[in-house]
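So the chains spell out like this:
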Amino acid sequence: MINVRVPATSANMGPGFDCLGVALQLYNYVSVEETDSGLQIDIVDSSSRFLPRDERNLVYRSMCAVFDLCGYRPRGLHITLENNVPVTRGLGSSSAGIVGGLTAGNALAGNPLSRDDILNLAARIEGHADNVTPAVMGGFTVNVCGRRKISYVKQPLHGGLRFAAIIPEFKLATKKSRSILPSFVPHRDAVYNAGHSALLAASLVSGDYENIRAAIGDRLHQNYRKRLIPHMDEIFRLCYRNGAHGVYLSGAGPTIMAITDESNRNFNAAMSGALNRKTKQWHLTILEPDNEGAVEIN
Ligand code: HSE
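None of these values were measured; they are calculated from a predicted model.

Turning our eyes to something else, we now look at the overall build of the protein chain. Summing up its helical and strand segments, the protein chain has ten helices and eleven strands in all. Since a compact globule built from 298 residues should have a radius of gyration of about 19 Å, the 19 Å found for the protein chain is in line with a globular shape. Seen along its three principal axes, the alpha-carbon backbone of the protein chain occupies a region of about 60 × 40 × 35 Å. In the protein chain, of all internal contacts separated by at least 6 residues, the share reaching a separation of at least 24 is 74%. Surface exposure of the protein chain reaches about 13300 Å², of which carbon and sulfur atoms provide 48%. With 31 positive and 27 negative side-chain charges, the protein chain shows a spacing of 8 Å between the two charge centroids.

Structure (structure tokens):
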């Protein structure tokens, strides 16, 4: 039996559209064993109500991508999934599915693929690499997609940093959230994001968290997306009022992410109280960074 753990991820991080991401300690689990014939998929959490349990399943399809690439032909498969990453909320659930399937399939086939191979395959399936890179590698990642491969840097994050995920009850599909973005932006907005994403990456790598607030500004996607996300501006303001280093829309949304650190002990209680008073639709979960990425476990 192969068991794999794969982290949730938070992409963009404000200005780093399609190129920055971080892995978080909230995990999906994939178990797979070869059987004599057929396909059985069990999902042991509430996502079993809406995720397919047949050949359409993303984890299964991703496993098949590995088998096709390396010519491995299992007789049958029994797959068990535990999905703790909420689906369609901007926390990398599809990347976790793809990377979980690729990593488990690779292990079942005797590990013919390297981690970089898995990353490149995952990015091809997902279409962009800012979630799959931290899902495979862990830590804070910067990536660019070349024609043949993903170039990336992974930086483990300091233990004290916390990511406060403010997750709404409503869903927002990435496809819809991307469809409202303009095809062209003014040159000054592109310049703004280039500088801000570079400063944010340098601040996270150097541990200079004082700069995060100045660095986390964005003009490429958040302003366009906020009409799909009720209360977004209000929640950003609340996070800053409670001492967040920076606040951004996680991936394509709708989850809002506040970067804090362990010394801000009041953040959870103060924010949860304020959210409850404003709207009962948003729920706060404090997450630590994950520095391992997708791993086989016992
Ligand atoms: N960079 C992507 C977006 C993240 O903002 O659309 C979604 O996975």
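Following the sequence through the fold, His-221 ends up in the loop between α7 (212-215) and α8 (222-225). Take His-221: its relative accessible area is 0%, and that puts it in the buried class. Residues in contact with His-221, not counting those within four places in the same chain, are Asn-12, Gly-14, Phe-17, Leu-181 and Gly-251.

Before going further, it helps to spend a moment on the pattern of salt bridges. Counted under the stated rule, the structure contains eleven salt bridges. Of the charged contacts in the structure, one is a salt bridge between Arg-5 and Glu-292, with a shortest N-O distance of 3.1 Å. With Arg-5 in strand β1 (residues 2-11) and Glu-292 in the loop between β10 (282-287) and β11 (295-297), the pair connects residues that are 287 residues apart, well separated along the chain. Among the residues examined, Glu-292 registers a relative accessible area of 45% and is labelled partly exposed. The salt bridge involving Glu-262 is made with Arg-162; its shortest N-O contact spans 3.4 Å. On the criterion of sequence distance, the pair formed by Glu-262 in the loop between β9 (256-261) and α10 (267-278) and Arg-162 in strand β7 (residues 161-168) is long-range, its members being 100 residues apart. Taking the relative accessible area as the measure of exposure, Glu-262 reaches 46% and is therefore partly exposed. Within this structure, Arg-5, Asp-290 and Glu-292 form a network of salt bridges that share partners.

Within helix α9 (residues 232-241), the full set of buried residues consists of Met-232, Ile-235, Phe-236, Leu-238, Cys-239 and Tyr-240. Taken from the residues just after α9, Gly-243 is the one with a positive phi, measuring 90°.

The subject of this paragraph is the nonpolar core. In this structure, Met-13, Phe-163, Ile-166, Leu-204, Cys-239 and Ile-256 are the most contacted members of the largest nonpolar core, which totals 50 residues. In this view, Ile-256 contacts Ala-164, Ala-165, Ile-166, Met-232, Ile-235, Phe-236, Val-247, Tyr-248, Leu-249 and Trp-282; residues no more than four positions away in its chain are not counted. Counting residues in hydrophobic clusters, the runner-up holds 19 residues, among them Leu-121, Val-132, Val-136 and Ala-294.

This next bit is on unusual backbone geometry. The omega torsion of the bond from Gly-253 to Pro-254 falls at 5°, within 30 degrees of zero and hence cis. With respect to the helices, strands and loops of the structure, Pro-254 is situated in the loop between β8 (246-249) and β9. The residue Asp-18 is not glycine, and still its phi comes out positive at about 65°. Relative to the helices and strands, Asp-18 is located in the loop between β1 and β2 (20-35). At Asn-111, a position not held by glycine, the phi torsion is positive, near 55°. Within the fold, Asn-111 resides in the loop between α2 (93-108) and α3 (115-126).

Quick notes on the rules
- Residues numbered from 1 in each chain as written.
- Predicted model: local features only at pLDDT ≥ 70, side-chain atom pairs only at ≥ 80, totals over all residues.
- Heavy atoms only, no water.
- Helix = DSSP H or I, 4+ residues; strand = E, 2+ residues; numbered from the N terminus.
- Rg over C-alpha atoms; globule rule 2.2 N^0.38 Å.
- Contact = heavy atoms within 4.5 Å.
- Areas by Shrake-Rupley, 256 points an atom, 1.4 Å probe, with all protein chains shown as cover.
- Lys, Arg positive; Asp, Glu negative; His and termini not counted.
- Charge placed at Lys NZ, Arg CZ, Asp CG, Glu CD.
- Buried < 20%, exposed > 50% of the residue type's maximum accessible area, 1.4 Å probe, protein only.
- Salt bridge = Lys/Arg side-chain N within 4 Å of Asp/Glu carboxyl O.
- Core = buried A, V, L, I, M, F, W, Y, C linked by side-chain atoms within 4.5 Å.

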